[in-house]
2 protein chains.
Amino acid sequence: MSKQETEERVLAQLAEVVGCCSPLAREPLSAEQSGELARVFKAMGDPVRLRLLSLIASHAGGEACVCDLTDVFDLSGPTISHHLKVLREAGLITGERRGTWVYYRVRPELLARVATVLVPADPADGVVPAGREVLPVVEA
Amino acid sequence: MSKQETEERVLAQLAEVVGCCSPLAREPLSAEQSGELARVFKAMGDPVRLRLLSLIASHAGGEACVCDLTDVFDLSGPTISHHLKVLREAGLITGERRGTWVYYRVRPELLARVATVLVPADPADGVVPAGREVLPVVEA
DNA sequence: CGGTTGAATAGACGGCTGTCAAGGTAGACG
DNA sequence: CGTCTACCTTGACAGCCGTCTATTCAACCG
């Protein structure tokens, strides 16, 4: 089985999980929930911001200096700064000044929370199709 | 261990996965990839659309008539229609007319694809922290 | 056929957003 | 202190977005 076939298969399985058990599909989101979530999705709804997020997340040491980010894009400094601010206000990243430079790092908690809306996060909920079993949490 | 403690624990584990192994964190997204993804996130970046998506996904039979959706919101029909169109053009839902009514259903494949950006989808990639093991795909 | 109802389209309008140029602030270094 | 560098803030402006009303389309029913 090729790599691609594997990916397609896993994707189909994931789709099955999403379709039946994701919190999104289990019960309607409240106005409040959808408001909070939408804020995060909205922040990720821009190609530049998504790339910034990815650049920061994948950078060595888990953090990236603004100077590492500006060169990648054909955009002015203020524009990058603006996008970083949007990501920061959405809670997706944090910024810290150390000396001359400002370093950004992602907050995986928030990405995780978003992911739990799409795929079930609680093993206790248990409804997992064959082939994508999730083992229960092992007590410490 | 309470339900909430469990959730927090799982969330922390998920964050660990996202932080180290999600495609988003493994290597920077290309301009093209981020463009495609951003289109989907943008469509989900509105509270009304997110709620519509959730209402459709969680509705009995996996599909919902437009008439089921309009009453939930304090919005005009055309506005709902507009949001449904945005979701449709993002590939998140499909609409089908049967007689007088139009029924919408979600396309879990696309939600799954989005999810794979946040959490690793390929068991072959394997780097899964203890407590959240993913079994390999069983060959047919 | 004409009327009624469910849904989509067209057009308009206010507000938000992405972008830039200009100016401001914080730290490093003589 | 002055100046240089890295970054942010402000203000402006074009374009997009969410919302509405009015209109159109599609299907059912007398």
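Notes on the structure in this doc start here. (Residues numbered from 1 in each chain as written. Chains lettered and ligands numbered in written order. Predicted model: local features only at pLDDT ≥ 70, side-chain atom pairs only at ≥ 80, totals over all residues. Heavy atoms only, no water.)

## Brief notes about the sheet that holds strand E3 (residues 101-106) of chain A
Residue and element names in this part refer to chain A. Note the threshold: Strand pairing is defined by DSSP finding a minimum of two bridges between the two strands. Secondary structure elements follow DSSP: runs of H or I no shorter than four residues count as helices, runs of E no shorter than two count as strands, and numbering proceeds from the N terminus. Angles here are taken between N-to-C directions and fall from 0 to 180 degrees, while the axes themselves are lines fitted to C-alpha atoms, restricted in helices to the stretch in contact. Residues count as neighbours in contact if any of their non-hydrogen atoms are within 4.5 Å of one another.
A sheet is described by the order of its strands in space; here 3 strands give the open sequence E1-E3-E2, paired in antiparallel fashion. Each end of this open sheet is capped by a strand with a single partner; those strands are strand E1 (63-65) and strand E2 (93-98). When the angles between neighbouring strand axes are averaged without regard to direction, this sheet yields 30°. Along the sheet, helix H4 (residues 47-58) makes contact with E1, E2 and E3, crossing E3 at roughly 95°.

## Structural notes on the protein's contact with DNA strand C
Put simply, the test is: We call a residue near a molecule or strand when any one of its heavy atoms sits within 4 Å of it. Each polar contact in these results corresponds to two N or O atoms within 3.5 Å; when the atoms are within protein, one needs to be able to donate a hydrogen and the other to accept it, and residues that are neighboring in sequence are counted only if both atoms are side-chain atoms. Note on residue classes: Ala, Val, Leu, Ile, Met, Phe, Trp, Tyr, Cys and Pro are nonpolar, Asp, Glu, Lys and Arg are charged, and everything else, Gly too, is polar.
Lining the immediate environment of DNA strand C, one finds 23 residues, of which Thr79(A), His83(A), Cys65(B), Ser81(B) and Tyr104(B) sit closest. For DNA strand C, the backbone portion of the atoms within 4 Å of the protein, that is sugar and phosphate, comes to 81%. Side-chain polar atom of Lys42(A) to a phosphate oxygen of DNA strand C: 2.9 Å apart, as the coordinates give it. Between DNA strand C and the protein, one listed contact pairs a phosphate oxygen with a side-chain N or O atom of Arg49(A) at 3.0 Å. Listed by contribution, the elements that provide at least two residues to the surface near DNA strand C are helix H6 (77-89) of chain A together with helix H5 (66-70), helix H6 (77-89) and strand E3 (101-106) of chain B. Of all the elements, H6(A) adds the most residues to the surface near DNA strand C, at 4 residues. For the surface near DNA strand C, the class distribution of residues is 9 nonpolar, 8 polar and 6 charged.

## Some details on the sheet that holds strand E2 (residues 93-98) of chain B
All names here are of chain B. The 3 strands are arranged E1-E3-E2 in an open sheet whose pairing can be described as antiparallel. If you trace the sheet from one side to the other, it starts and ends with strand E1 (63-65) and E2, each paired once. If you compare each strand with its neighbour and ignore which way they point, the axes differ by 30° on average. Judged from the 3 bridges that link them, E1 and E3 form a sheet pairing that is antiparallel. The partner of Ala64 across the bridge, within E3, is Tyr104. Helix H4 (residues 47-58) contacts E1, E2 and E3 of the sheet and is inclined by roughly 95° relative to E3.

## Thoughts on the protein's contact with DNA strand D
Of all residues adjacent to DNA strand D, which total 21 residues, the nearest are Cys65(A), Ser81(A), Tyr104(A), Thr79(B) and His83(B). Of all DNA strand D atoms lying within 4 Å of any protein atom, the proportion belonging to sugar or phosphate reaches 81%. Side-chain polar atom of Ser81(A) to a phosphate oxygen of DNA strand D: 2.8 Å apart, as the coordinates give it. The set of elements that each furnish at least two residues to the surface near DNA strand D consists of helix H5 (66-70), H6 and E3 of chain A together with H6 of chain B. The dominant element in the surface near DNA strand D, judged by the number of residues it contributes, is H6(B), at 4 residues. Tallied by class, the residues present in the surface near DNA strand D amount to 9 nonpolar, 8 polar and 4 charged.

## Regarding the state of the cysteines
Residue and element names in this part refer to chain A. To keep it simple, the criterion reads: Only a pair of cysteine sulfur atoms within 2.5 Å qualifies as a disulfide here. Exposed residues in this analysis have more than 50% of their type's maximum accessible area, buried residues have under 20%, and partly exposed residues fall in between, with area computed by a 1.4 Å probe over protein chains only.
Counted by the stated rule, this structure contains 2 disulfides over all chains. One disulfide in the model links Cys65 with Cys67; its S-S distance is 2.4 Å. Between Cys65 and Cys67, the disulfide has an S-S torsion of 130° and is therefore right-handed. With relative accessibility at 37%, the residue Cys67 sits in the partly exposed group.

## Some remarks on the packing of helix H3 (residues 31-44) of chain B against helix H7 (residues 108-118) of chain B
Residue and element names in this part refer to chain B. Using the following cut-off: To sort the angles, those under 35 degrees are grouped as roughly parallel, those over 145 as roughly antiparallel, those from 65 to 115 as roughly perpendicular, and the leftovers as oblique. Working rule for handedness: look at the near helix, and if it is turned counterclockwise from the far one by less than a right angle, call the crossing left-handed; if clockwise, right-handed.
Two numbers describe how H3 lies on H7: the axes approach to 11 Å, and their chain directions differ by 110°. Between H3 and H7, the interaxial angle falls into the category roughly perpendicular. Between H3 and H7 lies a crossing whose hand is left-handed. The residues of H7 that touch H3, namely those facing Leu37, Val40, Phe41 and Met44, are Leu110, Leu111, Val114 and Val117.

## Some details on the packing of aromatic side chains
Note the cut-off: Each aromatic pair joins two rings of Phe, Tyr and Trp (for Trp, the six-membered one) with centres within 6.5 Å, and gets the label stacked for planes under 30 degrees apart, edge-to-face for over 60, and tilted for any other angle. Whether a charge sits over a ring depends on NZ of Lys or CZ of Arg being within 6 Å of the ring centre and within 35 degrees of the ring normal.
Scanning the model with the defined rule gives 1 aromatic pair over all chains in all. Between the aromatic rings of Phe41(A) and Phe41(B), the centroid separation amounts to 5.8 Å while the plane-to-plane angle is 20°, which identifies the pairing as stacked. One end of the pair, Phe41(A), is in helix H3 (residues 31-44); the other, Phe41(B), is in helix H3, on a second chain. Note on Phe41(A): relative accessible area 1%, which makes it buried. Sitting over the ring of Tyr103(A), Arg98(A) keeps its end group 4.3 Å from the ring centre.

## Overview of the environment of Phe41(B)
Through-space distance from the C-alpha of Phe41(B) to that of Val114(B) is 8.4 Å; in sequence the pair is 73 residues apart. Phe41(B) has contacts with Phe41(A), Met44(A), Gly45(A), Leu50(A) and Val114(B), leaving out every residue within four places of it along the chain.

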